[in-house]
Amino acid sequence: MKIVQQGVWHMSKESMPLAAGYLAATIKADPVLRSNCDVAIENFSGSSSPLEMAVRLLREQPPDVVGFSVLGWNVRQFAMVAEAIKQANPRSLIVFGGNHVANQGERVFRLYEAVDVVVNGEGEIPFRELVHAVLEGRGWEDIDGISFRGGEGEVVTTAVRQRIDDLDEIPSPILTGTIPLLNDDGEFRYDVALLETNRGCPYHCAFCYWGGAVGQKVRAFSRQRLRMELECLAEAGAETIVLCDANFGMLPADREFVDDLIEVKERFGYPHALETSWAKNKNATFYDIVRRMRDAGLQSSFTLALQTLDDQTLTAMNRRNMKINQWRDLADWLAAEGLDSYAELIWGAPGETPESFLRGYDELAQYVSRIAAYPLLLLPNTEYTDHRERYGFVTVRGERDDFEYVLANKDVSLEENLRMQRFLFWARLLAENLVLRDTWAILREVGDLSQSAAILSLADYIEAQDTPGARLLKAAAESSTADPDSLAPALEFCFTEGGFDEMVQGWFAQRLATAVPAEWRKAVGEVLQFDLDSRPLPQPEKRGFSRAELVVVNGVRQWRVKREYGYDVAAIVRNARHADEFKRAPRPRPVAMTLWFRHGFAELARSTNHEETTHYVARAERTSGLAVG
């Protein structure tokens, strides 16, 4: 038996196969199945081809049961692999489960002949019962929560299965060793450690499905189990814990989890960071959790998950009941506490126009410059998809994935959408993914240039250049509307190549000469240079840091780079939020600084996970002596 999961790997680091691990652990915990089944998790990189996957799965005896953890970006590849398995073993049972196929049996069976069963919801118990049915040679009619082909080729969907009330009934793939945590060198083998503390979401957002658990009571794993899992991951040296929760920080149990996480960190030295989808409505529990994490030195990125600032669009999204109008106070509080935060927006939702979106984007940028601005995708089982005619959606499916990319809706034309898709690419590249950070606020305060205007100005300049780097970025922007992978090579260039620095400096000299007052020009130029210097560092030599030193600080390898600036750039950046501090230009003041870069970003330079990237932005401290580069 094979359980297949595909994730995005960062070179030597795999993605942790949590979903497949749950299934495998459930099978192994059953005495009958444990005695009669050989269970293996096949964990593939997102770049693995159907040929590579099929060869690996079929190199030995073709499996009798194969469960695929399906998402929109791997369903086509997995269907090709399933077809190959069926040819090698026509009796093999092919099971598809996951958000993209749940409740979509009619479409899945029509498109993919090799698929036998679709699981409509939580997969652990139905998958176990399917394996029992195979061993016993019986049918599947009495298994709740699945769809399959009947004897005449018709689609049979069984009764809805009730969700698992006691999540501890699901064996832990971490505690049972079902998911191996260490590589051959004894190091933690995954890019991040994945955990679920709960399942469910109380909201009904029109664009979201979240595993079919929308509008439902949140169910939690026990504190004891989660504590043991944290200890196991810490012993393995997991640096970052990523929670697969919809609204972490909402429940009192979340505070207990963070208390345990802090104690585990103090005991083992790991983990260093916690990332999650934070609760949309921030309550006293959230604020308490954030303070505790800060005091314990646990890193995180705190999310303002707004999606839009337009009231009409919020209503269509079914998000008017959320207290998101308090986001300004929250952003100010996070900044005052010295905590990293970012905001989320979705472009393409009904009710939004280019003007309202950019207006909201720039309003947000006054409080937080890192804005994750995503294009709307129509996902199965959502309000938007089920009522597409009402909203006037025109979509196209991806060339390599099965997502529906929005081309137009009742409020936005194709031309308007294409113009905004270009903005999204450059905004995600330059601001969301931390290529530039402090420059935006300085230009707003000094040059009266909004963040969106500054981003588009730099985009215009780069696209007008005729260099290999400029051509690469321009081509990536042009293909970005229905190619989510176009951002990866663009990010690698911006983080790695000195040619990007030359383009940015050329933009500042040629396009912003009149926007920035003469008395501020040199100071702003130094802030821009500081932004370029301190962005995450994959390879010191390629960025001109030939004398960078690799040192170990508190058990963490870091690059140490010394630089010197003509102005106190840290003070200028610090004062950017306070308009009264910008009434007069700062005086030249040479300042030596040491930049500390966390080592290992070479494996992540193509990653679009900005929450992970933020941990690699340089930490700057004032020093004495000359800069050495």
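Every residue gets a number counted from 1 within its own chain, in the order that chain's sequence is written. Under the rules for a predicted model, residues below a pLDDT of 70 receive no local features and side-chain atom pairs below 80 are neither given nor counted, while totals for whole chains, interfaces and linings still include all residues. Excluded from the side-chain calculations are hydrogens and water; all other atoms, namely the structure's heavy atoms, are used.

Draft legend 1. Looking closely at the nonpolar core. Within the largest apolar cluster, 126 residues are counted, with the highest numbers of intra-cluster contacts made by Leu233, Phe257, Trp426 and Leu429. Under the DSSP-based scheme used, a helix requires at least four consecutive residues in state H or I and a strand at least two consecutive residues in state E, with every element numbered from the N terminus. In terms of residue count, the dominant contributor to this core is helix α15 (residues 414–432) (nine residues). Residue contacts are defined here by distance: any two heavy atoms, one from each residue, within 4.5 Å place the two residues in contact. Aside from chain neighbours lying at most four places away, what touches tryptophan 426 is Ala431, Ile455, Ala459, Ile462, Glu463, Leu473 and Ala477. Nonpolar cores are built from buried Ala, Val, Leu, Ile, Met, Phe, Trp, Tyr and Cys residues. Side-chain atoms within 4.5 Å join them into one set. Relative accessibility decides the category of a residue: with a 1.4 Å probe and only protein chains considered, values under 20% of the type maximum give buried, values over 50% give exposed, and everything between is partly exposed. The next biggest cluster of nonpolar side chains, apart from the first, holds 21 residues, and it includes Leu57, Val75, Ile85 and Phe109.

Draft legend 2. Layout of the sheet that holds strand β14 (residues 341–347). With parallel pairing, three strands are arranged side by side in an open sheet as β13-β14-β15. Edge positions in the open sheet fall to β13 (302–307) and β15 (371–375), since each of these has one partner strand only. Strand-to-strand twist of the sheet, defined as the mean angle between neighbouring strand axes without regard to direction, takes the value 20 degrees. Strands are labelled as partners when DSSP assigns at least two bridges between them. In this structure, β14 lies alongside β15, joined through five bridges in parallel fashion. Residue pairing for β15: leucine 345 is matched across the bridge by alanine 373. Every angle, taken between N-to-C directions, lies between 0 and 180 degrees, and every axis is a line fitted to C-alpha atoms, over only the stretch in contact when it is a helix.

Draft legend 3. Quick peek at the packing of aromatic side chains. To pair, rings of Phe, Tyr and Trp, with the six-membered ring standing in for Trp, must have centres within 6.5 Å; the planes then decide the type, stacked if under 30 degrees apart, edge-to-face if over 60, and tilted in the middle. Inspection of every chain in the model, using the stated rule, returns 23 aromatic pairs. For the ring pair phenylalanine 286 and phenylalanine 302, a centre distance of 6.2 Å and an interplane angle of 85 degrees mean the geometry is edge-to-face. Of this pair, phenylalanine 286 sits in helix α9 (residues 284–296) while phenylalanine 302 sits in strand β13, and the two are 16 residues apart along the sequence. Per residue, the accessibility class of phenylalanine 286 equals that of phenylalanine 302, and both read buried. Through a chain of ring-to-ring contacts, the aromatic side chains of Phe248, Phe257, Trp278, Phe286, Tyr287, Phe302 and Trp333 assemble into a single cluster. The cationic tip of arginine 199 hangs over the ring face of tyrosine 22; the distance from NZ or CZ to the ring centre is 5.2 Å. Across from the ring centre of phenylalanine 286, 5.3 Å away, lies the NZ or CZ of lysine 282, which sits over that ring. Cation placement over rings: the criterion is NZ of Lys or CZ of Arg within 6 Å of the ring centroid and within 35° of the ring normal.

Draft legend 4. Highlighting the pairing of strand β11 (residues 240–243). Examined bridge by bridge, strand β8 (residues 193–195) and β11 share three bridges and lie parallel to one another. Across the sheet, residue alanine 193 finds its bridge partner in β11, namely isoleucine 241. Relative to strand β12 (residues 273–275), β11 runs parallel, the two sharing three bridges. Directly across from valine 242, in β12, lies its bridge partner glutamate 275. We call a crossover right-handed when, viewed with the strands running away from us, the connection from the first strand over the helix to the second turns clockwise. Crossover handedness for the path β11 to helix α8 (residues 252–268) to β12: right-handed.

Draft legend 5. Structural context of helix α20 (residues 498–511). Here α20 spans 20 Å end to end across 14 residues, near enough to the 20 Å set by a 1.5 Å rise per residue. Lining the buried residues of α20 we find α15, α16 (439–447), α17 (451–463), α18 (468–478), α19 (487–496) and α21 (521–534). By this rule the span expected of a helix is its residue count minus one, scaled by 1.5 Å.

Draft legend 6. Structural view of the pattern of salt bridges. Criterion for a salt bridge: a side-chain nitrogen of Lys or Arg within 4 Å of a carboxyl oxygen of Asp or Glu. Taken as a whole and assessed by the stated rule, the structure comprises 48 salt bridges. We note a salt bridge from aspartate 485 to arginine 400, for which the minimum N-O separation is 3.2 Å. Here arginine 400 lies in the loop between β17 (394–397) and β18 (404–408) and aspartate 485 lies in the loop between α18 and α19, a separation of 85 residues in the sequence. The partly exposed category is assigned to arginine 400, whose relative accessible area is 47%. A salt bridge links aspartate 411 to lysine 410, with the shortest nitrogen-to-oxygen separation between them at 2.9 Å. With relative accessibility at 28%, the residue aspartate 411 sits in the partly exposed group. Each of Arg223, Arg227, Glu231, Glu256, Asp260, Glu263 and Arg267 takes part in one network of salt bridges that share partners.

Draft legend 7. Representation of the sheet that holds β11 within the structure. Pairing in this open sheet of three strands is parallel, and the strands run β8-β11-β12 from one edge to the other. In this open sheet, the two strands that pair with only one neighbour each are β8 and β12. Direction aside, neighbouring strands of the sheet carry axes that sit 25 degrees apart on average. Where helix α7 (residues 223–235) meets the sheet, it contacts β8 and β11, and its direction lies at approximately 175 degrees from that of β8.

Draft legend 8. Representation of the environment of leucine 33 in the model. Looking at the element boundaries, leucine 33 is found in helix α2 (residues 31–36). The class of leucine 33 is buried, set by a relative accessible area of 0%. When the C-alpha atoms of leucine 33 and alanine 102 are compared, they prove to be 25 Å apart, with 69 residues separating the residues in sequence. Residues in contact with leucine 33, not counting those within four places in the same chain, are Ile27, Arg128, Val131, His132 and Leu135.

It is worth stressing that arrangement in space is one thing and function is another; only the former is reported here.
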